[in-house]
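What follows is the residue order along each chain.
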Amino acid sequence: MLRLAWRQSTFKCNSVERLLATSVLGTECSQQVSRCHRRRFRNTAHPPSYSSGLRHRSQPVHCFSFSSLFMSMASGGEGSSTPTHRGTNRLAKERSPYLLQHAHNPVDWYPWGQEAFDKARNEDKPIFLSVGYSTCHWCHVMERESFEDEEIGKILSDNFVCIKLDREERPDVDKVYMTFIQATSGSGGWPMSVWLTPDLRPFIGGTYFPPRDHGRRPGLKTVLMRIIDQWTNNRSALESNGNKILEALKKGTAIAADAGTSPPFAPDITKRCFQQLANSYEEEYGGFRDSPKFPSPVNLMFLMSYWCMNRSTSEGVEALQMALHTLRMMALGGIHDHVSQGFHRYSTDSSWHVPHFEKMLYDQAQLAVAYITASQVSGEQFYADVAKDILCYVSRDLSDKSGGFYSAEDADSLPHCGGTEKREGAFCIWTASEVRELLPDVVEGTAGSATQADIFMHHYGVKEQGNVSPEQDPHGELQGQNVLIVRYSLELTAAHFGVSIEEVTKLLASARAKMAEIRKSRPRPHLDTKMLASWNGLMLSAYARVGAVLGDKALLERAVQAANFLQEHMWDPEQQTLLRSCYLGDDMELQQISPPISGFLDDYAFIICGLLDLHEATLQTEWLRWAEELQLRQDKLFWDDEGGGYFCSDPSDFTVLLRLKEDQDGAEPSANSVSAFNLLRLSEYTGKQEWLQKSERLLAAFTDRLTKVPIALPEMVRALMAQHYTLKKIVICGKRDSPDTVMLLATVNSLFLPHKVLMLIDGDEDSSLQQRLPALYSITQQDCVATAYICHNFTCSLPVTDPQELRRLLLDETSKRQAE
């Protein structure tokens, strides 16, 4: 929608712009300006700013204009990973791991804040804003190439006010300038480089810049010198065009609906979303494009929800097949770490083989939920095992003793064989000789006296010359190396070597354990120990939901620990405000920056969702009460009374120039999508019609986006489905820990029921639910046995005490609602 809005805006490429483009970029680059403005902007589920990521193994596509100096990620040399510190700048006082990575650059960096803004105004200098995050590969490249360069550092420091920003700390600021980059160039990414006026208005921007000119590609030094010249000699044109762009973006990004407007008709929208996903589906390996391929859990959750309401149709069956096949192929692929668990960021090829090796907390959280959901709908243990595998990784490598979760692990690390330059994937890859040396024993009874290594290498596709093609390794970092990928089923591997499936299973597990021990001796990738409220909320949901489905008390205890962490360290009870982040100090103690960053919309929405999931998993009312408290605060801070829906950040913050409402479910779901579902669930728990009405108005505000490109908002389409069909209450009346109650709860948790809330009426609990919902007073146990009721639209089913009968009734209810 942003690109379409930009294309339809009144701002045109004119002779002034072409003249300035020539001045800033040179004749060859300026000749492409008109082509840039004629570019057809397509609406996609994953626009280039997210899908191109930070490690796209392809040649860059260049498109330059005065309004946007865009450059896709290009090949860059690898410098030393341990530069000599020539000095320290003010970023050394920050806590963000990303900002600390730049604390010794020969650049006079400022963090985002008033001190930098005042300097720009007082000295009348343009601002150079550089945005990235600590596990971003190309951010590392640009730092080594450009920000460690003494000459470039001096040019930047003398002529600009240089601001370095962690996009994960300040997603609101990042969204504003990424919107500018995307709208004016059609793509974007990180590192993001934007030049601003002293009043923070952007006038030129791009992504990665090499330090010096390379062919037709201008280097950062050239760009800086031309911007300095234009700022001195043509400033009024720069500012005028920047203002026009900003005004066009304000109009083009507006999302609103008049009061009383109804949401779009859900069955039509859900069918269109399914069709758009089906059209982009890649049948052989699953996923929704050829390459690069992203996990896209929001797509998979939509497809499984769609199947739930269309079980008897061919489209419903196709939706389920698409989701399950994608999840299976991902789990077998190299994007899944078969040795140390967890999933890498994305695959650079269509077969999920060669990943971009960074691991993000938000991916682990959403994929754990997707895999446990797949186990519910399919009944296959395989998917549940993958969900547990993910949480094993998170518990081991991304967990803090306080109960919080770290943000990410980097893709790059030092080679274990020695060297001073970090390489992508060095921690994860293997040579054939390493495998043979580690697994030398002959396995008795095998054909040809095969060794453990022979069996392992066959099963995981390990080759003597390496199994990564040159096309997937343009920088030669993986030459002769192997990325493990399951090539054969256990049955085929067992048959090939003439041994039992049980023996192969045991052998492979033993081999993976040995390799995991070897990994412990390798130099580890950088760990971003920053803890973000929103991502911790997503992980809270994951532990709660997986723990509930599996009946795993340890996972549920970990979920409670995470909720306690959020309440203790990320909630300011005096200000009634969530905090965005907290950090590990030098002594591994938790710290906050001063002043702390207040939470954004996604912090509230994701934590509220996590608390509701935790409440349904534990049926402890304290989590429901805090969810309600947070929702009231979210409404006060971010709700748009005029147009409906929530702004991403506090509208009163004058430093954030665009009042945006995120309109895409991408690597993370949109906070508005999650909020639409949260409001529906809370209205059922509290009886507050206000929240039901807010959900309806939110969905109505996004009508245009939902109608034209629902594939961009699959999570919001799920909320629209829930609003259309209305949620049903499953009420269990019984003692919390009694065996009969536990069996009924286990029956409910074994099924994927996307449009339900779960309640417990326990005589030992306070009666807050019954006080809110007086109809629950009529619900009682039958013959002193735990009893279940299914309530929908103010009517309840007959009481059920048998778990199998409850299961049948729940499935029949779903089929009945589908028919309706």
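Residues numbered from 1 in each chain as written. Predicted model: local features only at pLDDT ≥ 70, side-chain atom pairs only at ≥ 80, totals over all residues. Heavy atoms only, no water.

A.B. asks: Help me out: how do you make sense of unusual backbone geometry in this one?
C.D. replies: Negative phi is the rule for most residues except glycine; trans is the rule for most peptide bonds. Each neighbour pair has its own omega, and for Trp-190 with Pro-191 the value is 5 degrees, a cis peptide bond. As for its position among the elements, Pro-191 is in the loop between α10 (171-185) and β6 (192-196). With an omega of -10 degrees, the peptide bond between Ser-291 and Pro-292 qualifies as cis. Phi angles above zero are rare outside glycine, and Met-588 is one such case at about 65 degrees. Residue placement: Met-588 occurs in the loop between β18 (581-584) and β19 (590-591). Notably, Leu-619 is not glycine yet its phi reads approximately 60 degrees, a positive angle. Relative to the helices and strands, Leu-619 is located in the loop between α24 (601-618) and α25 (621-638). Looking at Leu-619, the relative accessible area reads 5%, which means it is buried. (Helix = DSSP H or I, 4+ residues; strand = E, 2+ residues; numbered from the N terminus. Buried < 20%, exposed > 50% of the residue type's maximum accessible area, 1.4 Å probe, protein only.)

A.B. asks: I tried to follow the packing of aromatic side chains on my own but got confused; where do I start?
C.D. replies: Note on aromatic pairs: each is described by the distance of the centres and the angle between the planes. Applying the stated criterion across every chain yields a total of 23 aromatic pairs. Ring centres 5.9 Å apart and planes at 70 degrees place the aromatic pair Trp-195 and Phe-209 in the edge-to-face group. On the criterion of sequence distance, the pair formed by Trp-195 in strand β6 and Phe-209 in the loop between β7 (202-206) and α11 (220-233) is long-range, its members being 14 residues apart. Taken as a pair, Trp-195 and Phe-209 share a single burial class, namely buried. The rings of Trp-109, Phe-128, Phe-147, Trp-195 and Phe-209 are connected pair by pair, giving a single aromatic cluster. Over the aromatic face of Phe-382 sits the side chain of Arg-328, whose NZ or CZ is 4.6 Å from the ring centroid. The lysine or arginine in question, Lys-359, covers the ring of Tyr-393, its NZ or CZ lying 4.2 Å from the ring centre. (Phe/Tyr/Trp six-rings, centres within 6.5 Å; stacked < 30°, edge-to-face > 60°. Lys NZ or Arg CZ within 6 Å of the ring centre and 35° of its normal.)

A.B. asks: Teacher, can you tell me more about the sheet that holds β18 here?
C.D. replies: Each strand in a sheet pairs with another by means of backbone hydrogen bonds, the pair being arranged parallel or else antiparallel. Reading across from one edge, β15-β18-β19 is the order of the 3 strands in this open sheet, with antiparallel pairing throughout. The sheet is open, and its two edges are formed by β15 (531-532) and β19, each paired on a single side. (Pairing = 2+ DSSP bridges.)

A.B. asks: What am I meant to see in the sheet that holds strand β22 (residues 787-792) here?
C.D. replies: Sheet architecture is open: 4 strands sit in the order β21-β20-β22-β23, paired in mixed fashion. Strands with a single pairing partner mark the edges of an open sheet, and in this sheet they are β21 (756-761) and β23 (795-796). Bridge analysis of strand β20 (residues 728-733) against β22 gives 5 bridges, and the strand direction is antiparallel. In the sheet register, Cys-733 faces β22, and the bridge partner there is Thr-787.

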